[in-house]
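Listed below, chain by chain, are the residues.
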Amino acid sequence: MKDALGAPQSLLVLGGTSEIALTTARAMVAERVRRVVLAGRPSAGLEAAADDLRGRGATVEVVAFDAAEPDDHEKTIDEVFAAGDIDVVLLAFGVLGDQDADAKAPAAAARVAQVNYVGGVSAGLAAANALSRQGHGALAVISSVAGERARKSNFIYGSTKAGLDAFAQGLGDKLHGTGVHVMVVRPGFVRTKMTEGLPDVPLATTPEAVAEAIVKGLRRKSSVVWVPGQFRFVMSALRHVPRPIFRKLNI
Amino acid sequence: MSDGPSADVRPTARRVRLNGWGRTAPTFADVVRPTTREQVATALGQRTSRGVIARGLGRSYGDPAQNGGGTVLDMTGLDRILAVDLERGLVTCEAGVSLDRLIELFVPFGFFVPVTPGTRQVTVGGAIGADVHGKNHHADGSFCNHVSSIDLLLADGTERTVTPESDPELFWATAGGMGLTGLVLSATIRMTPIETSLASVDTDRTRNLDEAMALMAETDEKYTYTVAWLDCLAKGANLGRCVLTCGEFAALDDLPAKKRRDPLRFRTGSLLTVPDLVPGRLPNKLTMGLFNELWYRKAPKHKVGQLQSITAFFHPLDLVQEWNRVYGRTGFLQYQFVVPFGREDGLVKAVETISRHGAPSSLTVLKRFGPGNAGFLSFPKPGWTLTLDFPTNTPGLARLLRELDEIVLTNEGRFYLAKDSRMDPADLARMYPRLERFREVRAKVDPDGVFVSDQARRLGL
Ligand SMILES: Cc1cc2nc3c(=O)[nH]c(=O)nc-3n(C[C@H](O)[C@H](O)[C@H](O)COP(=O)(O)OP(=O)(O)OC[C@H]3O[C@@H](n4cnc5c(N)ncnc54)[C@H](O)[C@@H]3O)c2cc1C
Ligand SMILES: NC(=O)c1ccc[n+]([C@@H]2O[C@H](COP(=O)([O-])OP(=O)(O)OC[C@H]3O[C@@H](n4cnc5c(N)ncnc54)[C@H](OP(=O)(O)O)[C@@H]3O)[C@@H](O)[C@H]2O)c1
């Protein structure tokens, strides 16, 4: 249950090894979160993440979860809720893919969509339904500024995030007034293992900044948070750039 | 047969957003408003796996009368007086009857409720669930000290009459048990005889906290009702200055001749409603500082024998209905703790911390508790209790409250569950040494955890 100051006590992370998610989990454990469930593909990294949070005083469960296997999502997520209320679900899994290679291998490109969008839809719905049944809680979905307008350099990933983003917005509107809060998180370039080796870009940010924005957005019940905040204006400008010009931009 | 609506007109459940008086942490639940015992039993039988909790008038500040995703039984429909024994001052009534109603009905017959909180808009069920206390705690104890019998509907659907003699374990688990042992259907209360409906009140203004504490220690045994209002924004030599009011129901002889003709006359007073549209930032440090100053100045330095109405003396806040709306959308929280006698340093430190922080608590109340009762989760124990309330958007509030938590814990203090909306669950067992016994009783009468609230989930009660 959230307390009067909006601090949650329990957290389910879908994509349990995500750097952004774990940084957020650490920030929340430093406040009132005591129960953390890390759902992800079993790995040493996932166990290490659990141990790290245990070391910070949380009770941590590890649950096997593969975003690419939507048939299992409902059962896996329902079991987590059956063991106790979840105040916040953080949908964090995602793959960046390799645009150039994926463009030449359609099946590989489809896998990016399978994880980011298809997996997001089934896991997002399963989580939202469970939250509705308990009559309270929040679902934070990590989208990306890349979904705001697909760029030629990154449109496969970008389109999956566009789909996920639209899905989460609609879900949020559907659930408005039921006690379930859906929040879309749109980070720009974040220095994590996902972007390792990629050249830095303007407005690049850190997992800590994203975590802070998520925690604050949940407390304020924001429906969308941009990280860094300037992206809201950058993207609203970019959205209106005419196609012929946008096409030529080197971004 | 009951005289209410026939049992086959079943009240339907509605999914409703619920919060406590502080208007924080809302959740959605299926609310049913039964009007007969049969309907209560039916609603209990129709529960889902998310369980059931009773709700009275929702005057608890946090989430004890909420049950996200589950059933909440609005008990205010059980509002009948079942038996009255004016000889012995015994009233048996259903759990949804408010103290307001009891006062209105019985003051004219020369009886007052044995204990009243700072608002009389609470139900008998809520008064038992939180084992509420009032200005007379040092003299008379808390509400359940004056309850001789409770009809309780248990998780398995059976009804049991519980008295402190017949089933002390269940009685004292229910007293202060925050609705988690079962549904109180009705109770028998020993009322307090009064000769008049007016309180004779003595008021004293003290320059600081030390002076207030000394005076309170001295006056407690002389008066049945005492309480001090504290200016938590005052600093330095004025730290913790108070307005102390002490009173007694006036005897017939205390009244001027004119009033003696109708000594038990009782009127509620006019009510004013605060609209929902007040901006969320109204009470702030500046306005509260001003308000505190005025309140303090307005009080006489020393005055005796002033006659005050029940409302003016016991329930001044009730004159403004839904005053909780002045805090606007963000809501507010109450922070009430008790530290035992001998731990005055802790109290002083807490007041210093609040004053240093400059947090604008509008209603800060200081009171001395007498002995506690056997209630496993009953709040009062001998010592000093301080009640504060803060808008939740007060800057740095979370940090300030953690600092205060630490002071309360190291001084063997504890928090009041009816006011709690944010305590650290890890602190609970230390504060309530009889928590395990409470859990044992609950495990016996409700092994599947049918009765559950948001607060119970939040604190792992
Ligand atoms: C302005 C103000 C001043 C106050 N001053 C004081 C004070 O001086 N002293 C004090 O002690 N308290 C005080 N309180 C707190 C208040 O007295 C308690 O919170 C009380 O429990 C509220 O009663 P209610 O009927 O509104 O119950 P609710 O708030 O609706 O419920 C309180 C608890 O009782 C349980 N409950 C209610 N009905 C039943 C039932 N029929 N069967 C089983 N369980 C039930 C609920 O499940 C819940 O756990 C004050 C509150 C306000 C708003
Ligand atoms: N980093 C950025 O610049 C950036 C910017 C905007 C948005 N985002 C989004 O932020 C989210 C978190 O990313 P991050 O930066 O924290 O990167 P990260 O550390 O690489 O996290 C990605 C996570 O997705 C998980 N995942 C991938 N495929 C999965 C599958 N099939 N099933 C279950 N989990 C799977 C990974 O788990 P494994 O350990 O099993 O691989 C990992 O936990 C992603 O949705 C990402 O798209 C990132």
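If you're wondering where the values come from, they're calculated on a predicted model, not measured in any experiment.

**Some points on the site of ligand 2**
All names here are of chain A.
Line of reasoning, step 1. Lining the immediate environment of ligand 2, one finds 28 residues, of which Thr 17, Ala 67, Tyr 157, Val 190 and Thr 192 sit closest.
Line of reasoning, step 2. Separating an oxygen atom of ligand 2 from a side-chain N or O atom of Arg 41 is a distance of 2.9 Å.
Line of reasoning, step 3. A distance of 3.0 Å separates an oxygen atom of ligand 2 from a polar backbone atom of Phe 93.
Line of reasoning, step 4. Counting only elements with at least two residues in the shell around ligand 2, the list comes to α1 (19-30) and α6 (155-175).

**Let's talk about the confidence of the model for chain B**
All names here are of chain B.
Line of reasoning, step 1. On average, residues of chain B score 92 in pLDDT, and 93% of them are at 70 or above.
Line of reasoning, step 2. Per-residue pLDDT stays below 50 along residues 1-8; that stretch engages in 11 contacts with residues further than four places along the chain or on separate chains.
Line of reasoning, step 3. When the criterion is pLDDT under 50, residues 277-281 qualifies, and its contacts beyond four places in sequence or with other chains add up to 9 contacts.
Line of reasoning, step 4. At the level of chain-chain contacts, confidence expressed as ipTM amounts to 0.93, with global pTM at 0.94.

**Quick notes on the pairing of strand β5 (residues 81-85) of chain B**
Residues and elements named next belong to chain B.
Line of reasoning, step 1. Relative to strand β6 (residues 90-94), β5 is paired through 4 bridges, and the arrangement is antiparallel. Directly across from Ile 81, in β6, lies its bridge partner Cys 93.
Line of reasoning, step 2. Linking two consecutive strands that pair antiparallel, namely β5 and β6, is a turn of 4 residues; a positive phi of about 70 degrees is found at Gly 89 within it.

**Digging into the site of ligand 1**
Residues and elements named next belong to chain B.
Line of reasoning, step 1. In the neighbourhood of ligand 1, 35 residues make up the surrounding shell, with Ala 54, Gly 56, Arg 59, Thr 123 and Tyr 416 lying closest.
Line of reasoning, step 2. Between ligand 1 and Gly 58 there is a distance of 2.9 Å, counted from an oxygen atom to a backbone nitrogen or oxygen.
Line of reasoning, step 3. Within the side chain of Thr 123, one N or O atom sits 2.7 Å away from an oxygen atom of ligand 1.
Line of reasoning, step 4. Relative to its free-state accessible area of 960 Å², ligand 1 is covered by the protein chains to the extent of 96%.
Line of reasoning, step 5. Of all the elements in the fold, those that place two or more residues in the shell around ligand 1 are β3 (52-55), α3 (124-129) and β10 (183-190).

**Structural notes on the environment of B:Ser98**
All names here are of chain B.
Line of reasoning, step 1. Mapped onto the secondary structure, Ser 98 falls in the loop between β6 and α2 (99-106).
Line of reasoning, step 2. Ser 98 sits in the buried class, given a relative accessible area of 11%.
Line of reasoning, step 3. With 109 residues separating them in the primary sequence, Ser 98 and Arg 207 have C-alpha atoms 38 Å apart.
Line of reasoning, step 4. At 3.0 Å, the side chain of Ser 98 forms a polar contact with the backbone nitrogen of Arg 101.

**Notes on the sheet that holds β3(B)**
Residue and element names in this part refer to chain B.
Line of reasoning, step 1. If you walk across this open sheet you meet the 4 strands as β1-β2-β4-β3, and the pairing is mixed. Pairing within the sheet leaves two strands with one partner each, and these edge strands are β1 (14-18) and β3. Each strand of the sheet is rotated relative to its neighbour by a mean of 40 degrees, with strand direction disregarded.
Line of reasoning, step 2. One ladder, built from 4 bridges, connects β3 with strand β4 (residues 71-74); its direction is parallel. When the sheet's bridge partners are listed, Ala 54 is paired in β4 with Leu 73.

**Concerning the UniProt feature "domain: FAD-binding PCMH-type" (unreviewed entry) in chain B**
Line of reasoning, step 1. Those places that UniProt annotates as "domain: FAD-binding PCMH-type" (unreviewed entry) correspond, in this numbering, to residues 24-194 of chain B.
Line of reasoning, step 2. Note that residues 24-194 of chain B is 20% helix and 27% strand, and that its end C-alpha atoms are spaced 39 Å apart.

**Observations regarding the domain arrangement of chain B**
Residues and elements named next belong to chain B.
Line of reasoning, step 1. For chain B, the domain assignment lists domain 1 (78-194) and domain 2 (198-424).
Line of reasoning, step 2. Counting residues at the interface gives 35 residues for domain 1, matched by 34 residues for domain 2.
Line of reasoning, step 3. Three residues stand out in domain 1 for area buried against domain 2, namely Arg 120, Lys 135 and His 138, and they jointly supply 28% of the buried area on that side.
Line of reasoning, step 4. Our count for the domain 1 to domain 2 interface comes out at 0 salt bridges.
Line of reasoning, step 5. In this assembly, domain 1 and domain 2 are joined by 19 residue pairs in polar contact (both at pLDDT 80 or more).

Criteria and cut-off values
Residues numbered from 1 in each chain as written. Chains lettered and ligands numbered in written order. Predicted model: local features only at pLDDT ≥ 70, side-chain atom pairs only at ≥ 80, totals over all residues. Heavy atoms only, no water. Near = heavy atom within 4 Å. Polar contact = N/O pair within 3.5 Å; in protein donor to acceptor, adjacent residues only side chain to side chain. Helix = DSSP H or I, 4+ residues; strand = E, 2+ residues; numbered from the N terminus. pLDDT = per-residue confidence, 0-100. Contact = heavy atoms within 4.5 Å. Pairing = 2+ DSSP bridges. Areas by Shrake-Rupley, 256 points an atom, 1.4 Å probe, with all protein chains shown as cover. Buried < 20%, exposed > 50% of the residue type's maximum accessible area, 1.4 Å probe, protein only. Axes fitted to C-alpha atoms, helices over the stretch in contact; angles between N-to-C directions. UniProt positions renumbered as here; feature names shortened; annotations may be inferred. Domains from an automatic or database assignment. Buried area = accessible area lost by both parts, 1.4 Å probe. Salt bridge = Lys/Arg side-chain N within 4 Å of Asp/Glu carboxyl O.

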